[in-house]
Each structure stands twice: as C-alpha cells, then as structure tokens.
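Observations on the model geometry
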Amino acid sequence: MNSYKKQLWESTEILRGRFKQKDYRKIIVPFVFFQRIDCLLKEDYAFNEIFTSIIPEISFGALFESDKVFSDAFVMYVESFDLEIQILLDKIGFMNLMTKMASDDRMLKDLYSVFSQINLSPNVVSDSELVDAIKDPTDAEFSTPYDVSQLLTSLVFSTKNHNIDFSNSNIK
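To start, this report covers the structure provided alongside it.

We now examine the overall build of the chain. Helices and strands together make up the secondary structure of the chain, namely ten helices and zero strands. Each helix and strand of the chain, placed in order from N terminus to C terminus, yields the pattern α-α-α-α-α-α-α-α-α-α. Split into buried and exposed, the 172 residues of the chain put 45% on the buried side. Contacts in the chain between residues far apart in sequence, at least 24 positions, make up 72% of those at least 6 positions apart. When the accessible surface of the chain is split by element, carbon and sulfur atoms take 47% of a total near 9,300 Å².

If you look at the biggest cluster of nonpolar residues, it comprises 43 residues, and the most contacted ones within it are Phe-31, Phe-34, Phe-74, Phe-94 and Met-101. Put simply, the parts of the chain that give this core at least two residues each are α1 (3–10), α2 (12–15), α3 (24–42), α5 (70–79), α6 (83–91), α7 (94–102), α8 (105–116) and α9 (127–134). Among the elements that line this core, the one with the most residues is α3, at ten residues. Setting aside residues up to four positions removed in sequence, Phe-34 forms contacts with Phe-60, Phe-74, Tyr-77, Val-78, Phe-81, Leu-89 and Phe-94.

With that settled, the discussion passes to the packing of aromatic side chains. Scanning the entire structure with this criterion turns up 13 aromatic pairs. Taking 6.4 Å as the distance between ring centres and 75° as the angle between the ring planes, the aromatic pair formed by Phe-74 and Phe-94 counts as edge-to-face. Taken as a pair, Phe-74 in helix α5 and Phe-94 in helix α7 lie far apart in primary sequence, 20 residues in all. For the pair Phe-74 and Phe-94, a shared accessibility class is recorded, and that class is buried.

The next subject is the pattern of salt bridges. Tallied over the full model, the rule gives eight salt bridges. When the shortest N-O distance is used, the salt bridge between Arg-18 and Asp-104 registers 2.9 Å. One end of the pair, Arg-18, is in the loop between α2 and α3; the other, Asp-104, is in the loop between α7 and α8, and 86 residues separate them in sequence. Judged by relative accessible area, Asp-104 falls into the partly exposed class, the value being 22%. The salt bridge involving Lys-109 is made with Asp-105; its shortest N-O contact spans 3.6 Å. On the criterion of helical spacing, the pair formed by Lys-109 and Asp-105 is a turn pair, its members being four residues apart in helix α8. What makes Asp-105 partly exposed here is its relative accessible area of 22%.

Thresholds applied
- Along each chain, residues carry numbers from 1 onward, in the same order as the chain's sequence is written.
- This being a predicted model, a pLDDT of at least 70 is required before a residue's local features are given, and a value of 80 or more before pairs of side-chain atoms are given or counted; all residues contribute to the totals for chains, interfaces and linings.
- With hydrogens and water excluded, all non-hydrogen atoms of the structure serve as input to the side-chain values.
- Secondary structure follows DSSP: runs of H or I at least 4 residues long count as helices, runs of E at least 2 residues long count as strands, and numbering of each begins at the N terminus.
- Categorising residues by exposure relies on relative accessible area from a 1.4 Å probe, with only protein chains included: less than 20% of the type maximum marks a residue as buried, more than 50% marks it as exposed, and the intermediate range marks it as partly exposed.
- Note on definitions: a residue-residue contact is assigned when non-hydrogen atoms from the two residues lie within 4.5 Å.
- Under the convention used here, a 1.4 Å probe and the Shrake-Rupley method define accessible areas, while residue burial counts only the protein chains that appear.
- Throughout this description, the term nonpolar core refers to a set of buried Ala, Val, Leu, Ile, Met, Phe, Trp, Tyr and Cys residues connected via side-chain atoms within 4.5 Å.
- Ring geometry is summarised as follows: Phe, Tyr and Trp rings, the Trp one being its six-membered ring, pair when their centres sit within 6.5 Å, and such pairs are stacked at plane angles under 30 degrees, edge-to-face over 60 and tilted between the two.
- Should a side-chain nitrogen of Lys or Arg be within 4 Å of a carboxyl oxygen of Asp or Glu, the pair is scored as a salt bridge.

Spelled out as structure tokens, the structure:
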C-alpha cells in the first residue's frame, strides 16, 4: 500500500472511540481536501482568479503557527472558505462534526499533524489515485469521495463563476 494511503487510513485511529466509524470519511475527506489545497499552494500552482477567491488567506499548513488556541484557529480556517465550499462541507456532514472536533484540541492537533505530513501534491498523487485512496474498500455503497472530488476539482479549477444550488443535491 502506498505510504499516503496508509497514512490516510491510519489517521482513523485518532478518531476511534471519539466518533462513529461511519463518520470517519466525513472527517477524512475534508482533511484530504485541505491538505491537497495546501500542497498546491506550496508549489505556486497556477491558480485562476476564482480559486483564489474561495480559499482562506491562511494556509492549512500554517495553523500551528497561529497565536490562537489550535481548535479556534482550525474553525476560523474552515469558516474562512467561500460560502459554497462551506455549504458543501455541511452537506457531507463535516460542519457538525467540526464542532465536536473543536472541543478536543489534542485530538484535532493529532489529526492535523498526520495530514500535514502527507504529501498530496498532484506531482505525487494524481486525482484518480487520491479518489481511490479515500474510498473505503469495505463499503460497496460508498461513492461520496468521488462525487466530492469531482465537485471540488470543478470548483477549484473552473474559469467560470459558480452559483451552486444544493436544494436538490444527492450528496450523502
């Protein structure tokens, strides 16, 4: 198994006992997204104007450098994403779980530490490899990572301004 895949799924050990197993991916997928964005920023990837308008000014990798309590800095980071990204995070259940995560600063720091060490640069991990890595092989019904990955990729790299209507969404 590739080291990034192993690291991704070993991160669930941090969640064990604190969250239900069915919620692990609701946490893991956004953390993958945050780290992927951070890896892209570190590489000075050629971003379009829309991308730069939807991401926070502080990088995921800089959260430890904040002078705030870590959980407060993390919540501010997530809440500084564009509203459409926040709506997507809410639709997959992350925003509710973030409140629970923020109450356990040590667990959140541990989870952040794992993800901040994973190189998810597109030069190392392709989009398709990343989608495969976050799929749970034991759950035949699970398709959300692929759907989320497609949507996030289209939002991030699109040259068009998006106004997304989630009212008829089938995102689980």
